[in-house]
Amino acid sequence: MTNFGFGEKWVGWMTTCISTTRISVLVNGSPTSEFSPMKGLRHGDPLSHFLFNIVVEGLNIVMERAKEEGLIIGASVGPNELKLSHLQFADDTIIFCEAEWEEVIAVKGILRCFELMSGLKINSIKVRYGKEEAAMWKQVVCSKYGGLGGRWYPLFIRSVWMSNTWQDMLSVTVANTTLPEFFLQNFKLVIGNGRRFQFWTDRWCNNQNLSVTFPRLFTLSVDKDGNLFDFFHRREVDSDWKLVFRRPLLAWEDEEVLKLNDLLQNAPRLNEGVLDSCSWLARPSGAFIVASTWKWVEASQGPDFTVTRSIWNNLAPPKVQFLSWLA
């Protein structure tokens, strides 16, 4: 704070506020004994917002220095080509950089330096529906709106009881009915230990949903939600899969079981030491990016259609248009 020009008395006041704070918690209406919070200020303290702004000003200085040194280029805005490397508002920060590995590595290095200097933690992990199974937001969404199979992707079904936000997200599939098909064609499940895959409903074998390919057997199964791990270890080595049904099968149903076992002869093996995961076939790296879907939309809609034009020429609020353009 001294480097920012604050006086010695002011710095002393702030130090006192942070170092001498004592709080207590109400438990069943009775206050506990006082203790000192680890971060110096209680959550929601009016002073914390101002101190946070002073701390993140350090990030602003580091970003500007990196731009001056040519480590990052940023974005050019307006006819005068104003250079922007980042935008900050409260605890939100948008960083602009070229789609080059050197610049991305430079940005990550800057953020890491800021972490070490400030003690703040930068969350650099991008959340994905298929991979972030343990994330709280994923559990809430699946609990309220459901999910397909092992919850690798959401249900593409709209309903009146859904929130407006979720309905708006699913409305994209209504406006472009081929989008879910494109997604399913390029979304590949990578088998690990098989504990997350559902035997009947996940597309783990030849990209087929066994409950759709063999609907009669699925209806008769007593283990419709069973995972692949349990089914795999229920069978003996190099033998047919042991499927359990709620009644003896008819002759034509036995033939369906034979067809299913023939199909499963070429099923991939489990890898006990690896977690189940997913991959995006539209990119060689297997990682999903929005740009791969944009390219497909532009290609499928013809040369006269551009995604960027559709983003800006609509009735959406400017902040929604800007965030869509950033994606």
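For the structure, see preceding data.
Given the structure is predicted, the values throughout are model-derived calculations rather than measurements. (Residues numbered from 1 in each chain as written. Predicted model: local features only at pLDDT ≥ 70, side-chain atom pairs only at ≥ 80, totals over all residues. Heavy atoms only, no water.)

Asker: Before we go on, may I ask you to explain the side chain of Asn186 in this structure?
Answerer: Checked against the element boundaries, Asn186 lands in helix H6 (residues 179-186). For Asn186, a relative accessible area of 13% corresponds to the buried category. (Helix = DSSP H or I, 4+ residues; strand = E, 2+ residues; numbered from the N terminus. Buried < 20%, exposed > 50% of the residue type's maximum accessible area, 1.4 Å probe, protein only.)

Asker: Quick question: what am I supposed to make of the pairing of strand S9 (residues 187-190) here?
Answerer: Walk down a regular strand and you will see the side chains alternate between the two sheet faces. Of the two faces of S9, the one lined by Phe187 and Leu189 is fully buried and the one lined by Lys188 and Val190 carries no buried residue. Here four bridges tie S9 to strand S10 (residues 277-280), and the two strands are oriented antiparallel to one another. The residue of S10 that forms the bridge with Lys188 is Ser279. (Pairing = 2+ DSSP bridges.)

Asker: Teacher, can you tell me more about the packing of aromatic side chains here?
Answerer: Within a pair of aromatic rings, the relevant descriptors are the distance that separates the centres and the angle that separates the planes. By the definition in use, this model includes 12 aromatic pairs. Measuring from ring centre to ring centre gives 5.8 Å for Phe182 and Trp280, while their planes differ by 80°; the resulting arrangement is edge-to-face. Of the two residues, Phe182 is situated in helix H6 and Trp280 in strand S10; the sequence distance between them amounts to 98 residues. Through successive ring pairs, a cluster of aromatic residues spans Phe199, Trp200, Trp204, Phe218, Phe231, Phe232 and Trp241. The ring of Phe229 is capped by Arg195, whose NZ or CZ atom sits 3.7 Å from the centre of that ring. The aromatic ring of Phe231 is capped on one face by Arg234, whose charged end is 4.6 Å from the ring centroid. (Phe/Tyr/Trp six-rings, centres within 6.5 Å; stacked < 30°, edge-to-face > 60°. Lys NZ or Arg CZ within 6 Å of the ring centre and 35° of its normal.)

Asker: I'm lost on the nonpolar core in this one. Help?
Answerer: Taken as a class, soluble globular proteins show a tendency for nonpolar side chains to be buried jointly. If you look at the biggest cluster of nonpolar residues, it comprises 32 residues, and the most contacted ones within it are Phe199, Trp204, Leu210, Trp241 and Leu264. Of all the secondary-structure elements, those providing two or more residues to this core are H6, S9, helix H8 (215-220), helix H9 (228-234), helix H10 (251-264), S10 and helix H11 (290-301). Apart from the residues within four sequence positions on either side, Trp204 is in contact with Leu189, Ile191, Phe197, Gln198, Phe199, Leu210, Leu228, Trp241, Leu264, Ala267 and Pro268. Listed in part, the 10 residues of the second largest apolar core include Leu59, Val107, Ile110 and Phe114. (Core = buried A, V, L, I, M, F, W, Y, C linked by side-chain atoms within 4.5 Å. Contact = heavy atoms within 4.5 Å.)

Asker: Help me understand the environment of Gln208, please; the structure alone is not making it clear to me.
Answerer: By the element assignment, Gln208 lies in the loop between S9 and helix H7 (210-213). Aside from chain neighbours lying at most four places away, what touches Gln208 is Asp202, Arg203, Thr213 and Leu263.

Asker: Hey, could you run me through unusual backbone geometry in this one?
Answerer: Note: most peptide bonds trans; most residues except glycine with negative phi. You will see that Asn28, though not glycine, has its phi angle at about 55°, which is positive. Here Asn28 shows up in the loop between strand S1 (26-27) and strand S2 (30-31). In this structure Asn28 comes out as exposed when scored by relative accessible area, which is 79%. Its identity as a non-glycine residue notwithstanding, Asn206 has a phi of 55°, on the positive side.

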